[in-house]
Amino acid sequence: MKNKIHIWVVITILTTLFLPILGTLLYSLSTKWTNTLLPQSLTLKWYLEIFQNEMFLNAIGKSFWICLISLFFIGIILVPTVFVATYYFRKIEKMMELLVLICFAVPGAVSVVGLIKLYSNEPFRLVGTTYILVGVYFVLAYPFVYRGIKNSLAGLNIKELVESANILGASTKVAFFRVIVPNISKGLSVSMLLTFSMLFGEFLLVNMLVGGKFQTVQMYINSIKSGYSGHYSSALVITYFGILLMLTTIAFYIGEKNNRR
């Protein structure tokens with residue numbers, strides 16, 4: 001009896017969550033849907049318009065570019081830093097954990113005000129440029145990527161692995177690149193993909209720090225409030241949702257595959 005109740009509760013919750021998405025999907029595929037229960041006819045016209053729109057394609061390209069370049073810098077800086085802190089300087093770990101808490105504790109709107117005041121004048125006039133976005137994205141992604149790297153390293157006996165490599169004639173540097181990095185690569189990939197999904201949907205910071213000078217997907221979606229068909233807007237939202245769903249699915253697939261091994 002209890003199991004049936006749990007099943008119905010889960011079904012109700014899933015229906016509540018996915019019904020709006022289903023309605024948006026149907027509306028994006030319809031040519032006309034006014035006084036009927038279901039669309040009167042279906043079409044892919046709105047999706048074709050989206051992928052023929054140069055502004056949308058540029059926004060997608062810019063979003064991917066800024067997210068990838070940010071994650072690249074996060075990876076090459078954080079991975080060796082966390083390894084050094086874990087292997088050599090355990091006390092630094094407490095400081096890094098404190099930075100994680102600070103990143104979560106300070107709201108985005110508050111940090112934006114400070115960034116604008118700090119980087120809107122010479123000699124560091126970065127507001128309105130993509131450089132400040134890379135830095136801000138680094139701060140946003142730091143807690144998630146750090147935790148992913150830390151959890152992956154926690155599953156390894158780093159000291160024994162490095163010492164074994166040293167005994168075999170390899171330096172600590174070689175052991176890091178040839179032994180440690182390959183063993184944490186899948187955990188790092190999962191955290192990177194999930195962080196990419198989060199950065200891909202960022203709007204507040206981009207809007208306040210860069211504005212229309214660098215139009216990401218979220219900025220483009222915000223710019224089509226008027227002058228576009230509701231069907232087009234629905235198709236755009238579904239396309240955006242599909243991209244995030246694909247990235248998240250890949251991340252969970254990699255994580256599940258790693259857990260099975």
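All values derive from a computational prediction rather than experimental measurement.

I'd like a description of the pattern of salt bridges, backed by residues and values.
All chains considered together, the criterion is met by 3 salt bridges. One salt bridge in this structure joins Glu97 and Arg147, with 2.7 Å as the shortest N-O distance. Remark: Arg147 occurs in helix α6 (residues 130-154) and Glu97 occurs in helix α4 (residues 90-105); sequence separation between them is 50 residues. Counted as one network, the salt bridges with shared partners bring together Arg90, Glu93 and Lys150.

An account of the environment of Gly114 is requested, with residue identities and associated values reported.
Mapped onto the secondary structure, Gly114 falls in helix α5 (residues 108-119). Here Gly114 falls in the partly exposed class, since its relative accessible area comes to 38%. Sequence-wise, Gly114 and Asn35 are 79 residues apart; in three dimensions their C-alpha atoms are separated by 51 Å.

Could you give an account of the environment of Ala251, naming the residues involved and the relevant values?
Topologically, Ala251 is positioned in helix α11 (residues 230-260). Given the relative accessible area of 1%, Ala251 is considered buried. A sequence separation of 75 residues divides Ala251 from Phe176, and the C-alpha atoms of the two residues are 24 Å apart. Leaving out residues up to four positions away in the same chain, Ala251 has contacts with Val190, Leu193 and Leu194.

Hey, could you go over the side chain of Ser234 for me, with residue numbers and the actual values?
Summarising the element assignment, Ser234 is placed in helix α11. By relative accessible area, which is 12% here, Ser234 ends up buried. Those residues within four positions of Ser234 in sequence are excluded, and the remaining contacts are Thr24, Tyr27 and Ser28.

So, the packing of aromatic side chains: which residues are in play, and what are the values?
Counted according to the given criterion, the structure contains 15 aromatic pairs. Seen in terms of ring centroids, Phe64 and Phe196 are 5.4 Å apart; in terms of plane orientation they differ by 40°. Their pairing is tilted. On the criterion of sequence distance, the pair formed by Phe64 in helix α3 (residues 54-87) and Phe196 in helix α8 (residues 172-200) is long-range, its members being 132 residues apart. Through successive ring pairs, a cluster of aromatic residues spans Phe83, Tyr87, Tyr88, Phe89, Phe176 and Phe177. One Lys or Arg, Lys62, reaches over the ring of Phe214 and ends 5.6 Å from the middle of that ring.

Tell me what's going on with a nonpolar patch on the surface, and back it up with residues and numbers.
A cluster of nonpolar side chains, namely Val84, Tyr88, Phe89, Ile92, Met95, Leu98, Leu99, Leu101, Ile102, Val106 and Val110, defines an oily patch on the protein surface of about 1000 Å² accessible area. Sorting elements by how many residues they give to the nonpolar patch places α4 first, with 6 residues. Positionally, Leu98 belongs in helix α4.

Describe the nonpolar core, and please don't skip the residues or the numbers.
Within the largest apolar cluster, 59 residues are counted, with the highest numbers of intra-cluster contacts made by Leu78, Val145, Ile149, Phe200 and Leu209. The greatest single-element share of this core, amounting to 12 residues, is contributed by α3. Aside from chain neighbours lying at most four places away, what touches Phe200 is Ile60, Ser63, Phe64, Cys67, Val217, Gln218, Tyr240, Ile243 and Leu244.

I'd like a rundown of α8, residues and numbers included.
For α8, spanning 29 residues, the distance from its first C-alpha to its last is only 36 Å, which falls clearly below the expected 42 Å at 1.5 Å a residue. Maximum bend of α8: about 50°, positioned at Ser185.

Describe the side chain of Gln218, listing the residues and the values that go with them.
Here Gln218 is to be found in helix α10 (residues 217-223). For Gln218, a relative accessible area of 17% corresponds to the buried category. Within the local environment of Gln218, its side chain forms a polar contact with the side chain of Tyr240, the two groups lying 3.0 Å apart. Once you skip the residues sitting within four places of it in the chain, Gln218 turns out to touch Phe200, Gly201, Glu202, Phe203 and Tyr240.

Let's hear about the environment of Ile132: which residues, and what values?
On the secondary structure map, Ile132 appears in helix α6. Of the residues examined, Ile132 reaches a relative accessible area of 4% and is grouped as buried. Spatially, the C-alpha atoms of Ile132 and Ile116 are 9.8 Å apart, while their sequence positions differ by 16 residues. Excluding its chain neighbours within four sequence positions, the residues that come into contact with Ile132 are Tyr119, Leu126, Val127, Leu209 and Val210.

Give a detailed account of the packing of α3 against α6, specifying residues and quantitative values.
Packing of α3 against α6 leaves a shortest axis separation of 7 Å and a crossing angle of 45°. What the angle tells us is that α3 and α6 run oblique. Relative to α6, α3 is oriented so that their crossing is right-handed.

Procedures and definitions
- Residues numbered from 1 in each chain as written.
- Predicted model: local features only at pLDDT ≥ 70, side-chain atom pairs only at ≥ 80, totals over all residues.
- Heavy atoms only, no water.
- Salt bridge = Lys/Arg side-chain N within 4 Å of Asp/Glu carboxyl O.
- Helix = DSSP H or I, 4+ residues; strand = E, 2+ residues; numbered from the N terminus.
- Buried < 20%, exposed > 50% of the residue type's maximum accessible area, 1.4 Å probe, protein only.
- Contact = heavy atoms within 4.5 Å.
- Phe/Tyr/Trp six-rings, centres within 6.5 Å; stacked < 30°, edge-to-face > 60°.
- Lys NZ or Arg CZ within 6 Å of the ring centre and 35° of its normal.
- Patch = residues over 30% accessible without salt bridge, like charges linked within 9 Å, V, L, I, M, F, W, Y side chains within 5 Å.
- Areas by Shrake-Rupley, 256 points an atom, 1.4 Å probe, with all protein chains shown as cover.
- Core = buried A, V, L, I, M, F, W, Y, C linked by side-chain atoms within 4.5 Å.
- Expected span 1.5 Å × (residues − 1).
- Bend = angle between axes of the 7 residues up to and from the residue.
- Polar contact = N/O pair within 3.5 Å; in protein donor to acceptor, adjacent residues only side chain to side chain.
- Axes fitted to C-alpha atoms, helices over the stretch in contact; angles between N-to-C directions.
- Parallel < 35°, antiparallel > 145°, perpendicular 65-115°, else oblique.
- Left-handed = near helix turned anticlockwise from the far one by under 90°.

Function-wise, these values are silent; they only describe arrangement.
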